[in-house]
Amino acid sequence: MLVRLLAEAPTEEWHRVRNHILMDAGELGSRNMSVTWLEVPAGIDQELHSHEEAEQIYIVVSGRGTMTVAGDTQEVAQGDLVLVPPATDHSIANSNTADLCCVSVQSPPVTASEVFGRAVAAGASEYDDEE
């Protein structure tokens with residue numbers, strides 16, 4: 001059995017959204033998916049982004065918020081699943097007082113370096129860490 005403990009997963013932070021990389025592309029013997037634990041703190045909105053080749057699902061584990069997919073925004077809460085087709089702009093927002101936590105699965109897999117490398121390059125000049 002292959003197990004990655006959340007406490008031991010590598011973590012990336014992009015605009016204050018914490019991403020724990022539970023299974024990066026090609027890790028743990030997986031060929032067809034990547035998995036991330038996402039923590040969206042209170043009052044944080046993720047920027048719109050897309051993954052050109054991968055479809056993605058979000059499963060809300062705790063908290064409440066909104067998901068925007070292709071311009072459609074809906075409330076989401078614990079137990080809800082959201083499907084994001086490939087090459088579709090999407091974001092998640094948390095206007096509540098508690099963290100919003102989700103599991104995100106992408107297939108085909110998207111490496112953390114693809115997601116965060118592009119995000120850093122695209123937003124480096126626009127994002128002020130003090131905001």
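Further up the page is the structure itself.
Presented here is an overview of the structure given in this document.

Reading guide: rules and limits
- Positions within a chain are numbered from 1, following the residues in the order the chain's sequence is written.
- In keeping with the model being predicted, local features are shown solely for residues with a pLDDT of at least 70 and side-chain atom pairs are shown and tallied solely at 80 or more, while totals for entire chains, interfaces and linings include all residues.
- Note: side-chain values were computed over all heavy atoms of the structure, leaving out hydrogens and water.
- When a carboxyl oxygen of Asp or Glu lies within 4 Å of a side-chain nitrogen of Lys or Arg, that pair is called a salt bridge.
- Only DSSP runs of H or I covering at least 4 residues are called helices, and only runs of E covering at least 2 are called strands; the numbering of each starts at the N terminus.
- Burial classification: accessible surface area is computed with a 1.4 Å probe over protein chains only, and a residue below 20% of its type maximum counts as buried, one above 50% as exposed, and the rest as partly exposed.
- Note on pairing: DSSP must find at least two bridges between two strands before they are called paired.
- Simply put, an axis is a line fit to the C-alpha atoms, just over the touching stretch for a helix, and the angle between two N-to-C directions goes from 0 to 180 degrees.

### Some details on the pattern of salt bridges
If the charged atoms of two oppositely charged side chains come close together, the side chains can form a pair. Summed over the entire model, instances satisfying the criterion amount to three salt bridges. Among the salt bridges present, the one from Glu27 reaches Arg4, with a minimum N-O distance of 3.1 Å. Highlighted residues: Glu27 in the loop between β2 (17-23) and β3 (34-40) and Arg4 in the segment before β1 (11-14), separated in sequence by 23 residues. Looking at Arg4, the relative accessible area reads 26%, which means it is partly exposed. For Arg18, the salt bridge identified is with Glu39, shortest N-O distance 2.7 Å. Note that Arg18 is positioned in strand β2 and Glu39 in strand β3, a separation of 21 residues in sequence. Relative accessible area serves as the criterion here: at 24%, Arg18 is assigned to the partly exposed category. Taken together, the shared-partner salt bridges in this structure form one network comprising Arg18, Glu39 and Asp99.

### Focus on the sheet that holds β3
Pairing within the open sheet is antiparallel, and its six strands lie in the order β1-β2-β3-β10-β5-β8. Both outer strands of the open sheet, β1 and β8 (81-84), are each paired with one neighbouring strand and no more. Each strand of the sheet is rotated relative to its neighbour by a mean of 25 degrees, with strand direction disregarded. Note that β1 and β2 share four bridges and pair antiparallel. Across the sheet, the residue bridging to Glu13 is Arg18, located in β2.

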